[in-house]
Amino acid sequence: MSDLFSSLKAAKLVEFISKEQENKKTRRLSEIGFTILVIAAFAFFALKPTFATISDLMGKINSKQLLVVEMDKKIRATVQAQDNFAKIQNDYPLIQSCIPDRPAFYQATTQLQKSGEINSVILEKISFNLATDPDEKNIDSYHMTATTQGDFMNFLNTLNKINKSRRPFKMENFGFTLPKLQSSAATASASAVNFTLNAKFYYLEKDNVKK
Amino acid sequence: MLKSNNISKYFFILSILSLIVVCLSIYNVSLNNYLKPINEAKGNELIKQFDPKLDMETIKEIVSREDLTK
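J.: Can you help me understand the overall build of chain A in this one?
T.: Along chain A, the regular secondary structure elements total 4 helices and 4 strands. Considering chain A as a whole, with its 211 residues, one finds that 12% of them fall into the buried category. Of all intrachain contacts in chain A linking residues separated by at least 6 positions in sequence, the fraction that spans at least 24 positions is 73%.

What follows is the structure, encoded as structure tokens:
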């Protein structure tokens, strides 16, 4: 009887201890969880603003350093550009005549006329088309069409001459056509051909300089 | 007993997840704050570089060409 009583007591004791251990584990897990939650709250309310301010200041310092380095480079480049400009200052009017800062229609016409006159070609008609090309954003241009009649070889020489002139232009197309012979007497001037030249002249507006 | 043990486990996992989320949010905010002024500085028009070298060959070519307007 006493054995049974003591074994019952022992079983109750084991059960109590195991329950107590389980309880302890739960309590410990809860404690750790709560501690982590407190750390997270501390990080959110205290560390986050601090880190945000520190990183903001560090970013500002680095950006200022970057600006100083880049501005220094740009100042050096500007000084170098000034030196280079001083070197070519004497030739600047020549460059200006090459790509003028205004349309300079007179210059373009004279250039064609002079090169024609040298080769005995008198231009009969010159017309301008001021339609701008939307693809060319950094430079302005206009089209010039010249037509006349004369000797074929003289035209070729004229083309060769104007190709070597100072103000460059783009020869978009040129054409030769035979004039309609109205009588047999006109065969005497059979070497004369109609000549058409389409050219594109460039100029650089001052307010159109690449930014 | 088993129920309270489960609740404590969930609580523990939730707290760990909260800590991870807070750490990631701190990292994100800090990185944004760090990179924003640098990117703004990089996009600044004032520091856009230009090439100061002049193409002397072209200038020589211009000088060598005949001016037909005179």
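J.: I tried to follow the overall build of chain B on my own but got confused; where do I start?
T.: On a plain count of helices and strands, chain B comes out with 2 helices and 0 strands. Relative to its 70 residues, chain B shows a buried fraction of 10%.

J.: Where do I start with helix α3 (residues 105–118) of chain A in this structure?
T.: Each α-helix winds once per 3.6 residues, and so residues spaced three or four apart point in a common direction. Residue and element names in this part refer to chain A. Here α3 is 14 residues long and its end C-alpha atoms lie 20 Å apart, about the 20 Å a rise of 1.5 Å per residue gives. Among the residues making up α3, those that are buried are Gln107, Ala108, Gln111, Leu112, Ser115 and Gly116. One side of α3 holds all its buried residues, which, seen down the axis, span an arc of 165°. A positive backbone phi angle near 60° is found at Ser120, which sits one or two residues after α3.

J.: Any chance you could explain the interface of chain B and chain A here in plain terms?
T.: Accessible area lost upon the coming together of the parts is a frequently used measure of interface size. Opposite the 40 residues of chain B that make contact, chain A presents 48 residues. Those elements giving two or more residues to the side of chain B that touches chain A turn out to be α1 (2–42) and α2 (56–64) of chain B. Looking at the side of chain B that touches chain A element by element, the count peaks at 25 residues for α1 of chain B. Of the residues that constitute the side of chain B that touches chain A, the class distribution is 22 nonpolar, 11 polar and 7 charged.

J.: Honestly, unusual backbone geometry in this entry has me stumped. Any pointers?
T.: Residues apart from glycine generally show negative phi values, whereas peptide bonds are mostly found in trans. Backbone geometry at Ala104 of chain A places phi at a positive 50°, although glycine is not the residue there. Examined against the element boundaries, Ala104 of chain A turns out to sit in the loop between α2 (92–98) and α3.

J.: How should I be thinking about the nonpolar core in this particular structure?
T.: Burial of nonpolar side chains together is a common tendency in soluble globular proteins. All names here are of chain A. By size, the foremost hydrophobic cluster in this structure holds 10 residues: Ala108, Leu112, Val121, Met144, Ala146, Phe155, Ile162, Phe195, Leu197 and Phe201. Going through the elements one at a time, α3, β2 (140–151), α4 (152–163) and β4 (192–203) are the ones with two or more residues in this core. Dropping the residues within four chain positions of it, Phe201 is found in contact with Ala108, Ser141, Tyr142, Met144 and Phe169.

J.: For this particular structure, what's the right way to read the packing of α3 of chain A against α4 of chain A?
T.: Residues and elements named next belong to chain A. Running from N to C, α3 and α4 point in directions that differ by 135°, and their axes come no closer than 9 Å. Classified by the interaxial angle, the pair formed by α3 and α4 is oblique. Taken as a pair, α3 and α4 cross one another with a handedness that is right-handed. Here α3 contributes Gln111, Leu112, Ser115, Gly116 and Ile118 to the contact with α4, which in turn contributes Thr158, Lys161 and Ile162. When the residues that make up the contact of α3 with α4 are grouped by side-chain class, the tally is 3 nonpolar, 4 polar and 1 charged.

Quick notes on the rules
- Residues numbered from 1 in each chain as written.
- Chains lettered and ligands numbered in written order.
- Predicted model: local features only at pLDDT ≥ 70, side-chain atom pairs only at ≥ 80, totals over all residues.
- Helix = DSSP H or I, 4+ residues; strand = E, 2+ residues; numbered from the N terminus.
- Buried ≥ 20, exposed ≤ 12 C-beta atoms within 10 Å, placed from the backbone.
- Contact = placed C-beta atoms within 7 Å.
- Expected span 1.5 Å × (residues − 1).
- Arc of directions from axis to C-beta.
- Nonpolar A, V, L, I, M, F, W, Y, C, P; charged D, E, K, R; others polar.
- Core = buried A, V, L, I, M, F, W, Y, C linked by C-beta atoms within 7 Å.
- Axes fitted to C-alpha atoms, helices over the stretch in contact; angles between N-to-C directions.
- Parallel < 35°, antiparallel > 145°, perpendicular 65-115°, else oblique.
- Left-handed = near helix turned anticlockwise from the far one by under 90°.

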